[in-house]
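The residues making up each chain are set out below.
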Amino acid sequence: MTHTYALFHVLLALTASPLLLSLINRVKAFFGGRSGPPLLQPYYDLFKLLRKGAVYSRTTSWVFRAGPVVGLAAALTALVLVPLGNIPALSAFPGDLLLLAYTLGLMRFFTVAAALDTGSAFEGMGASREVQFSALTEVALLTGLAAVAAKVHAVSLSTLSSQVWAGGLAWEGGATVLLASGALLVVLLAENARIPFDDPNTHLELTMIHEVMILDTGGVDLALIEYATAIKFWVLSALLVSIALPLRTTVPALNLALGLGAMLILGVVVGCIESMMARLRLVRVPQLIVAAGVLSLLAFIMAVG
Amino acid sequence: MMQALGEFLVILMILLNLRLMGVSRLGACVQTVAIQALVIGALALLSQPKPGFWTVALVAAATALKAGVLPAMVHRAMRETGVVREIDPLVGYTLSVLIGTGMFVLSLMAARSLQVPSAAGTHWLVSGTLFTMLTGLFLIVARRKAITQVLGFITMENGIYLFGVTFAIHEPWLVQAGVLLDVFAAVFIMGIMVCHINREFDHIDTNRLSDLKD
Amino acid sequence: MIWALILIPAVCGILAFPLASDRLRRTLLVTAALAHFALVLAAWQIPLPFNAATGWLTVDAMSLLFLSICSGLFLAASLYAIDYLKRSPKAPIRDYLEGFQFGNRPEGIFIGCLLLFLAAMTAVIVSNHMGILWVAVEATTLTSAPLIYYHRHHRSLEAAWKYLLICSVGIALALLGNFFLAVATTAGPGQEHSLLLPELVKNAAGLSPTWLKAAFMLILVGYGTKMGLAPMHTWLPDAHSESPSLVSALLSGALLNCAFLAILRMQTVLVAAGMGDFGRNMLILFGLVSMGWAAMLLISLTDYKRMLAYSSVEHMGILAVGIGLGGTAAAGAMLHVLNHSLTKAALFLVAGNILAVYRSKNVNDARGLLGILRVSGVLWLAGILSITGSPPFGLFISELMILKGALAGGRWAVAGCYLAALFVAFAAIAWAGMRMAYGRPDTLPIQSKPYAESVLSVAVPATLLVGVLVLGLWMPLPLWRLVKAAAATLGGGF
């Protein structure tokens, strides 16, 4: 029974994840006093890109062509592993939180490899920045997840998300989970290249981190990468919502609705954060990620101590 | 419910300490110290099972002093000296935050070995107060600007005060008033001295106050 | 009567701030000092101990000893101050070391703070409650910081800042120790005791050992910072060398003793709780470290005021070692408090005279004392002999008593380190002192005929040194009884 809801969640994610990104863009436009692009714009972009051809540089090899494909595959694998509130993931087993972290890592690795494969200085710069920051975010992500896992004594993400807030709003592990959620929010922003870590709308290559790595991709490859980015955002948001949302019911349909509602609210929150802050100077980015790591560490100490 | 609120306040205090260690803008540091005083006042009132009139009055006076008057004095010193940021501390900010986490672990271990006899607070509270004191000491040692050192002193006194009010509850209020007055006078005199130091030296970098040595 | 002891200087101090006339202020200072001293002398006649404020303030054997020292020194300092303030020019002075011009602090603040300082020190000595003791010690820090910053230039400001910050941090640690002590009292069967010393001593067996030990360590480190025990002594040389001489005399001779008294009060609680050995070992450790550190740093010192400051650190170490050994050594330490205070105060006052004439703090420059400043030169020589522990001065007796205690207890290592440090300090101080007394001040532009010295500026240190000399030759019976009573409360048997 719950498997049907999990399947429903995956199908929804596959179809609606670009919509989440366009919701963020609309929120940013609202803050800017504009009406913004239409909600279905990402789909138009994807269809446009799928019909185009691509030009491959002579310096690239099979790595460059494999990058987008492996990235999408890894993102889809992560989607299958992530729960949403009380709805378990489509595939849940003990230790799947490690697999989730590492599929995201695999996706990042191939993106970076593809970027380095082009031999261009811009992509190399983006690759080095991406790797430096993700070394710190991975610590924050894993420690935060470990904190929550230690608190509820579960090693599977689905069990974890169903045990969290099991006692209602007055659950005594609330403090731990709140700290871990704060850290996970920072990780969400960092991993998906949102402000304050990276500006997705900039056109200045020297300021980019993620955008510059895909500077030389075009056509179907770019479509795959954009779609994988949307799925990755959905995955990390669902993870955050699963841990932070305190409202749990026994009716699965209601849980799904609550989870989706929370995802939409999270999208709006990210949009607000993006509109209210400027991008941080590159020397300050590690400081913020380390602060998130310290929050996760604090959550871990509170869970264990 | 009270327990959860108390825990929440302790976590807030720990986060405030970490913020104090990681922020370079002095205005933000002063604000953090003021909020810390409020949190500590709330924690002090929460830890008493049935607070008497004098206790409440004293805690209110202490909080008003530490959250209002002392930050105002530090702000005045900041205005006179024109110092806005601590740009080049002895220990960098990321490292400070990491050391802070280490100090928190230390205070947890210390709180565990010193079993608090009464049920007046959880062991989080003891470790929170010890951590606040260690933060204050760290700020005094690892920062250059005299104003940051004064803020470190206030933080340290905050931690000690919280420990005193929550655990040594039978300390007579006369002594507590005396402690409060002493802290106030100390910060007052320090504030005056910082302005004098700025006038004499044209900076308040205490690391450069090294004319006297053997 | 105890209230009068605190209130007279406090009220006079507050009165001194708004007074406009220099003459009135100085008379106020001396009157208050005389009144205080008279009251203390009267207290010798009353049988001890006697209380005030329902037992929160008390004068017992230890208090009376320290009170007499403090009051006597303050009287001496205030008499010297009249001469010193008369000599201080109103116009900006040219600094001898760096050549800039500086002014002095308003005299009203100076005298007011001096009197408040006396009130705070009295409060420390007579308080019978650990909390009030803390408040008073912090008050002494706050009232003495402006005194250090009397000459308004950057070196004294730096010294005053370091003093204020380091001592405040130390005293904050002592406050935590107080709270730990309060927690220790609740470990008993559901009862709450106050921090009144007699009650602490009475209920000492019921105190929780871990908390008590932690409290003692914090109080030792905290008040030890104020006392000048190494390694927390870093404020001492700067503060003593930059402040006016009479302030240095008071700091060295009276303030360090007050901090010492605070530690002693805590030690009585430990002794009553049966953990006296722990306290004594810690005291010996800190004492030997102080002595060794000071002896090392004394070796190639060229600033004679800093030399006197490090000598204070060393003597505080001797006091700690004496109390740590217990028994005869504890009585020796009590006697040493008196001897050291008198000698150090006299030395600082004479150093003030030297500085006023030579305008240099360098040992190599300020030479030929016996020729140029005849009386001060003799006093300087006598003081140097005294502070290094030479007979027939009193310090020899007290240091010998401490050594005797160490040997009688079989503490050979302690005795060895003690003697080694004393020897090194003796060599260093004696070398510098002799160098200053003899020779000729070739490098300075001063006249080679003897200066005429004002009466007060030499009479005061002379009286103090005569006192030390007398104590070295003859022990008055009331004093001996007082010393014995004080040492008895510290355990170790005598």
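Residues numbered from 1 in each chain as written. Chains lettered and ligands numbered in written order. Predicted model: local features only at pLDDT ≥ 70, side-chain atom pairs only at ≥ 80, totals over all residues.

Looking only at helices and strands, one finds ten helices and zero strands in chain A. Its C-alpha atoms give chain A a radius of gyration of 19 Å, near enough to 19 Å, the size a compact globule of 305 residues would have. Principal axes of the C-alpha set define a box for chain A whose edges measure 60 × 45 × 40 Å. A separation threshold of at least 6 residues defines the contact pool for chain A, and within that pool the share at least 24 residues apart is 80%. (Helix = DSSP H or I, 4+ residues; strand = E, 2+ residues; numbered from the N terminus. Rg over C-alpha atoms; globule rule 2.2 N^0.38 Å. Contact = placed C-beta atoms within 7 Å.)

Another aspect to go through is the overall build of chain B. Scanning chain B for helices and strands turns up seven helices and zero strands. When the elements of chain B are put in sequence order from the N terminus, they spell out α-α-α-α-α-α-α. Considering chain B as a whole, with its 214 residues, one finds that 48% of them fall into the buried category. (Buried ≥ 20, exposed ≤ 12 C-beta atoms within 10 Å, placed from the backbone.)

With that settled, the discussion passes to the interface of chain B and chain A. Contacts between the two partners involve 13 residues from chain B and, on the opposite side, eleven residues from chain A. Breaking the side of chain B that touches chain A down by element, the ones donating at least two residues are α1 (2–22) and α4 (93–113) of chain B. Among the elements that take part in the side of chain B that touches chain A, α1(B) stands out by supplying seven residues, more than any other. Split into classes, the residues belonging to the side of chain B that touches chain A amount to nine nonpolar, three polar and one charged. (Nonpolar A, V, L, I, M, F, W, Y, C, P; charged D, E, K, R; others polar.)

Counting 363 residues, the largest nonpolar core has B:Ile147, C:Leu115 and C:Val124 as the members making the most contacts within it. When residues in this core are grouped by element, the largest group, 22 residues, is from helix α6 (residues 154–185) of chain C. Shared between two domains, this core holds at least three residues of each, these being domain 1 (1–274) and domain 2 (276–494) of chain C. Beyond its immediate sequence surroundings of up to four residues, B:Ile147 is in contact with B:Leu26, B:Val74, B:Ala77, B:Met78, B:Val83, B:Val194 and B:Ile204. (Core = buried A, V, L, I, M, F, W, Y, C linked by C-beta atoms within 7 Å. Domains from an automatic or database assignment.)

Okay, the interface of chain B and chain C next. Each side of the interface is counted separately: chain B has 35 residues, and chain C has 35 residues. Elements with a minimum of two residues in the side of chain B that touches chain C: α5 (123–142), α6 (146–167) and α7 (173–201) of chain B. With 13 residues, α7(B) is the largest single contributor of residues to the side of chain B that touches chain C. Partitioning the side of chain B that touches chain C into residue classes produces 23 nonpolar, six polar and six charged.

Right, let's get into unusual backbone geometry. In this chain, A:Ile195 is followed by A:Pro196 through a cis amide linkage whose omega measures 10 degrees. Looking at the element boundaries, A:Pro196 is found in the loop between α7 (174–191) and α8 (220–244). The omega angle of the peptide bond from C:Pro391 to C:Pro392 is 5 degrees, so this bond is cis rather than trans. Mapped onto the elements, C:Pro392 comes out in the loop between α15 (374–387) and α16 (394–408). Phi at A:His153 takes a positive value of approximately 55 degrees, unusual for a residue other than glycine. As for its position among the elements, A:His153 is in the loop between α5 (121–152) and α6 (157–163). Assessed through the 10 C-beta atoms surrounding it within 10 Å, A:His153 is described here as exposed. Of note in the backbone geometry, C:Arg359 takes a positive phi value of approximately 55 degrees without being a glycine. Structurally, C:Arg359 can be placed in the loop between α13 (328–358) and α14 (369–372). For C:Arg359, a count of 17 C-beta atoms within 10 Å puts it in the partly exposed group.

Further remarks concern the arrangement of the chains. With two pairs of chains in contact, the largest contact count belongs to chains B and C. There is a clear gap between chain A and chain C: no contact, and 22 Å between their nearest C-alpha atoms.

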